[in-house]
Amino acid sequence: MHLKLRKRIFRLLGLLVFVSFLGVFPAVGQTETGGQVIDSTGIEAPKAIPTQDLIQKIEEAVEETKVIGRKIEANDDLVSLDTLFPAYVKFIQREMKLTESFISSNPNRQKINNQIKKWNGYNNHLTQWESLVNEYEARNIKLLERVQLSEQIWKLTYEKIRDQQIPVEVSRRVKETYDEMRGLSKQITSKNNDYLILESRINKQKVDIAEVIDVLEKLKESEIYSLFYLRHEPLWQSDYSTLTKQSDGAERGTAFYQNISESIKYLRDNSLRLFWYLIYVLVFAFFIRWLNRVFENYKHEETDRNIVKARDTIIKHSRQVIIFMSLLGLTYYLENRPTLLNDVLHLLILISSIPLVRPFMRDSFKNLLYYVILVFILDTVKTYIWFSSLQYRVYLMIEALFVILLLYRYAFRYMGALRFKEHFFGALLLRLAPVFQLIALISIISNVLGYTNLTDLSLKIAAKSGVYAVISYALLLVLGGMTIGVIHNHFESRENGDSPQKKIIELKSLYFIRFVVIVFWSIIFLSIIDMLNPINGYLTDALSEPYVFGSLSITIGDVLNFLFILLISFTITSLVAFFIDSGQFKSKYINLPKGIPAAISLVIRYFIIAAGIILALSSLGVDLSKFNLMAGALGLGIGFGLQNVISNFVSGLILVFERPILVGDTVEVNNLLGTVKRIGVRSSNISTFDGAEVVVPNSNLISNDLINWTLSSNLKRIEILIGVAYGTDLNTVLKILRETVDSHEDVLKTPAPQALFSDFGDSSLNFRLRFWVPFEHGMQAKSDVSVALYNAFEEKGIQIPFPQRDIHIKTVPPEPGENKLTPPE
C-alpha cells in the first residue's frame, strides 16, 4: 500500500511539472502582470501617474534626475582622454614614419618582431581607451532608456492633468519635471554622440596600427627572410674595412635610451596594476609560508627522488620560490611590455631560477648555470647595440663559438655518466648537447656562406632553448613542491598520512605537472622559432570551419570548447570533493558539524556541473529556450517512467541534508551491517565487515527501518551473560566481574560498568555484566573480558555448570530373551 501511494504521488508530481512548463509560456507578444499589459520586450508600457500620487512621484523624479546627472558625468580618466588622444595621434604618426625608415633599412627578423611587439603595445593602449569609452556609452544607453520611459510617463501625465481641475502649482511642477526629463534625455544623447565620435577616432587609429602590423608581418614572411635566402655575400668576399667603422644605422637594434624611457612610462602607467599584483604576491608568500608549516608540523617521509626534490624546494628555498614565481607571473600579468623591460624581466627570472635548480645538479655542472646567464645576455644585448652588417656577423660568429666551446666543456666529458632516474634534468641536457652543438655549428657555416637568416634562427635555438629549459625545470620543481604540500596536508589532517593512495596521487600529480611544463616549454620553443603564430592561425582556421547538420551549424572548435568546459567542470567538482568532503574544514577553519561539509560539497558540485552543462551547450550555439517542450516531456516521463530513479534522488537529498546517516557511520539495514563509505544522490555504498561493498538504493535507507550505531555517539554497550553453580558465593562472583571488567583498557569508566545478579536458573545462578566501549572495539573487548572471566573463575575454583535435567524412568524395556516384567499392582 505504501509503495502504491508513493507511485501515485510521483505521477502527480510529474503531471504538475508538465503542466507548469506549459503554463509558463503565455501568448506570444504580451503578458499579464497584475492587470497591466507588458509587451514582448518585457518593458512596462508607460501610463499616466494617478493624481493622488503626483507629489510623491515628483519628489522621486527630482531625486532620480540628480542621481542620473551624477552618473552621466565623465570621470577623470575620460576627461583626460580628450587631451591625451590628439597627442597620441601625433605620436602614432611619428612612429609610422620611423617604421617606414626602419623597413627600408633591411632589418633582421628579430628586429621586425620587436617592432610588431611595439605596435601591438600601441594597439593595446588604444583598446583600453576604446573599452573605457564604450563602457560609458553602454551605461548611458541604459540610463537613456530609463529617462525616455520617465519622459513618456510625465508627458502622458501632463496631458492628462490639463483636462482636469488641479492646482496650478501642481500643474507647473509636473510641467517642470517633464521638461527636466526631456532635457536630461537630450543631454545624454549629446554626450553619447560625443563618445561615439571619440570611439570612432580611436578605432580609426587602431585600423592604421593594424595596417602597420600587417605590413611588418608580410615583410617578415617575404622571400628575403626565408631561411635559405642569401642575404649577404660570403665572409671571404666582404669588405673588412667596414669592420672598424661606425655603423651607418642600417643594422642598428632598438634604441637603448628610447627603450628605457618607454619602460619607465609603461611602469608609471601600470602603477595601479603593479600595486594589486604586489597584494597577490603577498598572498602567495603567505601560501608558501603555510606550506612550510605543513611540512614542519607533519613529518614527510618519502623515498621517491622526485617527491623529495619537490618537497625540499619549498622547505629550503622558500624565498627564492616567492621571487621566482612573482617574476614569472609578472610576465603574464603585464602584457605588451617594452622590449627592454621584457628582456630584463626574463633575465631576472633566469637568475632567480638558478638557486632552485643548482642544488639538484651534480657539482661538476653547477657552474654551467652561470654561463647560461652569460649566453642569454650575449644573445639579448645585440638588440641594443648598433652594428654594421659585417660587425653583426662577426658578433654572431663569436656567440656561436662560445656556445660550442661551452657545450664541449660541460657536456661531452660526461656523456653517458648520468642516469635519467637519478639526474633527469642533467641527463636530458647531456643527451641534447650534441643537437645544440650541431645547431650552433650550422649557424657558423651559414654565417660564413651569407645565409644570415638561418644563422639568426639556429643561434637563437642553440642559445635560448637551454635558457628556457632551466626556467622550465625550476617551474617544475616549484609546482611540484606546492602540489605535494597541499596533498600532504590533506591526508595528514585526516590522520591518514601513510595511506597508499597518498603516494599514488602525489606521483600522478607530478607526472601531470611534468606534462604541463613540457607543453609550456614547447610553446616557448615555437615562439623562439617564429612558428607559434602560424600554427595558431592554422589551428584557428581549421577549428572555425563550420559544419552544417540540418539547422545546426557547429565547428570543431565549438565541440572542443564543449568538451573542455565539461572537463573543467568535472575536474573542479573532483577537487571540491577531494578537499571539502575530507572533513579538513571541520577541525581547522569553519568548525562545521559532521556531515555539513559533505552537504555543502554536494550543492557546490551539482551547481558547478549544471552551470558547466549550460555553458557547454551555449558554446555549441544551442538555443536553450528550445528545451522548454523537452523539459515538459521530461517531467511527464519522470511521473510515469522514472519513479524509482527520482525516488532515490529525492531520498539522497534527504540523506545529505537531514543527515540520518553519515560517511563512516556503522549502520544496520535489512539484516545488513557495515560502514557507510559513500552517500550519493541515487545510491549509497555500505562496506560490510566481511569485506563486501554493497550498493544500497537511497529509498531503502529512507523507507525501511535503519539502525545507526554511531550517529550521535560511537559508544556501544556490551552485555555478557554468565552462570555459576549453585552454592557459589554471590558477592565473590560480583567482585570478580567488577575487577575483571575494570582492568580492561578499552572499557569506559563513564558510564560505569554494571555487574548484576540476574535470576535463579534451572541449573545455575545467572549474572549479567554490562559495560561501554567504543564501537570499533566492541567484539574484541567482549572476547577479552569473557576470557578473563573464565580464567578468574578457574583460579577461584568457581564452576560454570552444564544444563542439568532430572529424568524419571517409569518402565525399563526387557533385554532380549528375558520375560517381560509385570509391574506390581
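Above this text sits the structure in question.
Criteria and cut-off values
- Throughout, residues of each chain are indexed from 1 in the direction in which the sequence is written.
- With the structure being a predicted model, the display of local features is reserved for residues of pLDDT at least 70 and the display and counting of side-chain atom pairs for 80 or more, all residues being used for whole-chain, interface and lining totals.
- To get the side-chain values, all heavy atoms of the structure are used, and hydrogens and water are removed first.
- Elements are defined by DSSP. Helices are runs of H or I of four residues or more, strands are runs of E of two residues or more, and each kind is numbered from the N terminus.
- Accessibility here uses a 1.4 Å probe with only protein chains present; expressed as a share of the type maximum, an area under 20% marks a residue as buried, one over 50% as exposed, and anything in between as partly exposed.
- A contact between two residues is defined here by any heavy atoms of the two lying within 4.5 Å.
- Only the protein chains shown count as covering a residue, and every accessible area follows the Shrake-Rupley method with a 1.4 Å probe.
- Among buried residues, the Ala, Val, Leu, Ile, Met, Phe, Trp, Tyr and Cys ones that are joined through side-chain atoms within 4.5 Å form a nonpolar core.
- A helix is expected to span 1.5 Å for every residue after the first.
- This arc is built from the directions going out from the helix axis to the C-beta atoms.
- Fitted lines through C-alpha atoms give the axes, limited to the stretch in contact for helices. The angle between two N-to-C directions lies from 0 to 180 degrees.
- Comment on the angle field: the value is read as roughly parallel under 35 degrees, roughly antiparallel over 145, roughly perpendicular from 65 to 115, and oblique elsewhere.
- Left-handed is the label given to a crossing in which the near helix is rotated counterclockwise from the far helix by less than a right angle, and right-handed is the label when the rotation is clockwise.
- Basically, the charged four are Asp, Glu, Lys and Arg, the nonpolar ten are Ala, Val, Leu, Ile, Met, Phe, Trp, Tyr, Cys and Pro, and anything else, Gly included, counts as polar.
- Whether two strands pair depends on DSSP finding at least two bridges between them.
- To count toward a patch, a residue needs a relative accessible area above 30% and no salt bridge. Like charges then connect within 9 Å, nonpolar side chains (Val, Leu, Ile, Met, Phe, Trp, Tyr) within 5 Å.
- For salt bridges, the criterion is a side-chain nitrogen of Lys or Arg within 4 Å of an Asp or Glu carboxyl oxygen.
- The charged-residue count follows a simple rule in which Lys and Arg add positive charge and Asp and Glu add negative charge, with His and chain termini not counted at all.
- Note on charges: their place is set at NZ of Lys, CZ of Arg, CG of Asp or CD of Glu.

K.L.:
Is there a simple way to think about the overall build of the protein in this case?
P.N.:
From N to C terminus, the protein includes 24 helices and 12 strands. Relative to its 825 residues, the protein shows a buried fraction of 39%. Across the protein, contacts joining residues at least 24 apart in sequence account for 74% of those joining residues at least 6 apart. Summed over its atoms, the accessible surface of the protein is roughly 48,400 Å², and 60% of this surface lies on carbon and sulfur atoms.

K.L.:
Honestly, the nonpolar core in this entry has me stumped. Any pointers?
P.N.:
Nonpolar side chains tend toward joint burial in soluble globular proteins. Residues Ile288, Val321, Phe324, Met325, Leu350 and Met482 are the most contacted members of the largest nonpolar core, which totals 75 residues. Per-element tally for this core: the top contributor is helix α14 (residues 452–492), with 17 residues. What Met482 contacts, discounting residues up to four positions off in sequence, is Phe284, Phe287, Ile288, Leu291, Ile314 and Met325. The next biggest cluster of nonpolar side chains, apart from the first, holds 25 residues, and it includes Val89, Phe102, Ile116 and Leu126.

K.L.:
Looking at this model, I keep getting lost on helix α11 (residues 368–381). Mind explaining?
P.N.:
Note: α-helices contain 3.6 residues per turn, so residues at a spacing of three or four share the same orientation. Taking 1.5 Å per residue as the helical rise, α11 with its 14 residues ought to reach 20 Å, and the 20 Å between its terminal C-alpha atoms agrees with that figure. Taken residue by residue, α11 has Leu368, Leu369, Val372, Ile373, Val375, Phe376, Asp379 and Thr380 as its buried positions. For α11, the arc enclosing every buried residue in end-on projection is 160°, short of the 170-degree limit, so these residues lie on one face. Next to the buried residues of α11 lie α10 (339–357), α12 (389–410) and α14.

K.L.:
I'm lost on the packing of helix α3 (residues 76–104) against helix α5 (residues 168–220) in this one. Help?
P.N.:
In contact at an axis separation of 11 Å, α3 and α5 are set at 20° when each is read in the N-to-C sense. Taken together, α3 and α5 sit at an angle that is classed as roughly parallel. The interaxial crossing formed by α3 with α5 has left-handed handedness. Listed contacts from α5 to Leu78, Leu81, Asp82, Phe85, Val89, Ile92, Met96, Thr99 and Ile103 of α3 are Tyr195, Leu198, Arg201, Ile202, Gln205, Asp208, Ile209, Val212, Val215, Leu216 and Leu219. Residues that form the contact of α3 with α5 fall into these classes: 15 nonpolar, 2 polar and 3 charged.

K.L.:
Any chance you could explain the packing of α14 against helix α15 (residues 500–528) here in plain terms?
P.N.:
Axis separation between α14 and α15 bottoms out at 8 Å; the angle between their running directions is 155°. When the interaxial angle is binned, α14 and α15 end up roughly antiparallel. Once α14 is placed against α15, the crossing between them reads as right-handed. Broken down by class, the residue content of the contact of α14 with α15 amounts to 19 nonpolar, 7 polar and 6 charged.

K.L.:
What is the right way to read the sheet that holds strand β7 (residues 683–688) from this model?
P.N.:
Sheets are built from strands paired through backbone hydrogen bonds, the pairs being either parallel or antiparallel. Pairing in this open sheet of 5 strands is antiparallel, and the strands run β8-β7-β6-β5-β9 from one edge to the other. Looking at strand neighbours, the two that pair on one side only are β8 (693–697) and β9 (706–708), the edges of this open sheet. Going across the sheet, the axis of each strand differs from the next one's by a mean of 40°, ignoring polarity. When strand β6 (residues 672–679) meets β7, the two strands line up antiparallel, connected through 5 bridges. Bridge pairing in β7 places Ile679 opposite Ser684.

K.L.:
What's the story with the sheet that holds strand β10 (residues 715–724) in this structure? I'm lost.
P.N.:
In spatial order, the strands read β10-β12-β11; together these 3 strands make up an open sheet with antiparallel pairing. Looking at which strands have only one partner, the edges of the open sheet turn out to be β10 and β11 (754–760). Neighbour-to-neighbour, the strand axes of this sheet turn through a mean angle of 25°, independent of strand direction. The pairing of β11 with strand β12 (residues 765–774) spans 6 bridges and is antiparallel. Bridge pairing in β12 places Asp759 opposite Asn766.

K.L.:
What exactly am I supposed to notice about unusual backbone geometry here?
P.N.:
Peptide bonds are mostly trans, and most non-glycine residues show a negative phi. Pro751 follows Thr750 through a cis peptide bond whose omega is -5°. On the secondary structure map, Pro751 appears in the loop between α23 (730–742) and β11. The backbone of Asp530 sits at a positive phi, close to 60°, despite the residue not being glycine. Inspection of the secondary structure assignment puts Asp530 in the loop between α15 and α16 (532–543). Its identity is not glycine, yet Arg659 carries a phi of approximately 60°, on the positive side. In this structure, Arg659 sits in the loop between α21 (643–658) and β5 (666–669).

K.L.:
Help me understand a positive patch on the surface, please; the structure alone is not making it clear to me.
P.N.:
A surface patch of like charges, here positive, comprises Lys66, Arg70, Lys71 and Arg139. Here the positive patch gets 3 residues from one element, more than from any other, and that element is helix α2 (residues 54–72). You can see Arg70 is positioned in helix α2.

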